[in-house]
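Secondary and tertiary structure notes
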Amino acid sequence: MSYLYIVAVIALLYAGMHFFTELSHRQKLSMAGVLLLIIAGAVAWNQSVDAQQEHVRAVILKFNQHQTLECRGVEVNDRTFTLSVGTQSFIAHAGTPHAGQIFDAAGCR
């Protein structure tokens, strides 16, 4: 569906340039191409962010289900770490071998 929006935006841009400027056909196509690349980059970036957020949600769900995670070679579980929801990270309990360490949920498997 987003592809239809992209095509519509480019068509509107081309039509706007047709009526309000004295650009050549080649210049209009070049500008439309640049706009298409910018929109495609934004869509790709948005999909990347969505995938990263889904990964973090999956890691947090596993942690909440009392499963053991691996974060930078360290085993993280709910017995030795606490989940900080605001920062989406795992904080080691005091008195554990990893006391004082914080692991970002995005870097865990």
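The following refers to the structure shown. Because the structure is a prediction, the values reported are computed rather than measured.

**Topic: the overall build of the protein**
- Regarding its fold elements, the protein presents 2 helices and 5 strands.
- Taken from N to C terminus, the helices and strands of the protein fall in the order α-α-β-β-β-β-β.
- A compact globule built from 109 residues should have a C-alpha radius of gyration of about 13 Å, whereas the protein, at 24 Å, is more than 25% larger.
- Counting the 109 residues in the protein, one finds 23% classified as buried.
- Charge separation in the protein, taken as the distance between the mean sites of 7 positive and 7 negative side-chain charges, equals 6 Å.

**Some remarks on the pairing of strand β4 (residues 89-92)**
- The pairing of strand β3 (residues 81-84) with β4 spans 4 bridges and is classified as antiparallel. Each bridged residue has a counterpart across the sheet, and for L83 the counterpart in β4 is F90.
- Once β3 ends, the chain turns through 4 residues before running back antiparallel as β4, passing Q88 with a positive phi of about 50°.
- With 3 bridges joining them, β4 and strand β5 (residues 102-104) adopt antiparallel strand pairing. Paired with S89 across the bridge in β5 is D104.

**Structural notes on the environment of Y3**
- Among the structural elements, Y3 can be located in helix α1 (residues 2-20).
- Considered as a pair, Y3 and A40 are 37 residues apart in the sequence and their alpha carbons are 9.3 Å apart.

**Details of the pattern of salt bridges**
- Counted under the stated rule, the structure contains 2 salt bridges.
- Of the charged contacts, one joins E54 and R57 as a salt bridge, the two residues approaching to 3.0 Å between their closest N and O atoms. Of the two residues, E54 and R57 both sit in helix α2 (residues 25-64), 3 residues apart, roughly one turn of that helix.
- Looking at E54, the relative accessible area reads 45%, which means it is partly exposed.
- Taking the shortest distance from any N to any O, the salt bridge between R109 and E70 comes out at 3.3 Å. Residue R109 is found in the segment after β5, and its partner E70 is found in strand β1 (residues 69-71); the two are separated by 39 residues along the sequence.

**Description of the nonpolar core**
- One finds F63, V76, F81, F90 and F103 to be the most contacted residues of the largest nonpolar core, which totals 15 residues.
- Elements that contribute at least two residues to this core include exactly α2, β1, β2 (74-76), β3 and β4.
- A total of 4 residues in this core trace back to one element, the largest contributor, which is α2.
- Setting aside anything within four residues of it in sequence, one finds F63 in contact with L69, V76, N77, D78, F81, T82, L83 and F90.

What counts and how
Residues numbered from 1 in each chain as written. Predicted model: local features only at pLDDT ≥ 70, side-chain atom pairs only at ≥ 80, totals over all residues. Heavy atoms only, no water. Helix = DSSP H or I, 4+ residues; strand = E, 2+ residues; numbered from the N terminus. Rg over C-alpha atoms; globule rule 2.2 N^0.38 Å. Buried < 20%, exposed > 50% of the residue type's maximum accessible area, 1.4 Å probe, protein only. Lys, Arg positive; Asp, Glu negative; His and termini not counted. Charge placed at Lys NZ, Arg CZ, Asp CG, Glu CD. Pairing = 2+ DSSP bridges. Salt bridge = Lys/Arg side-chain N within 4 Å of Asp/Glu carboxyl O. Core = buried A, V, L, I, M, F, W, Y, C linked by side-chain atoms within 4.5 Å. Contact = heavy atoms within 4.5 Å.

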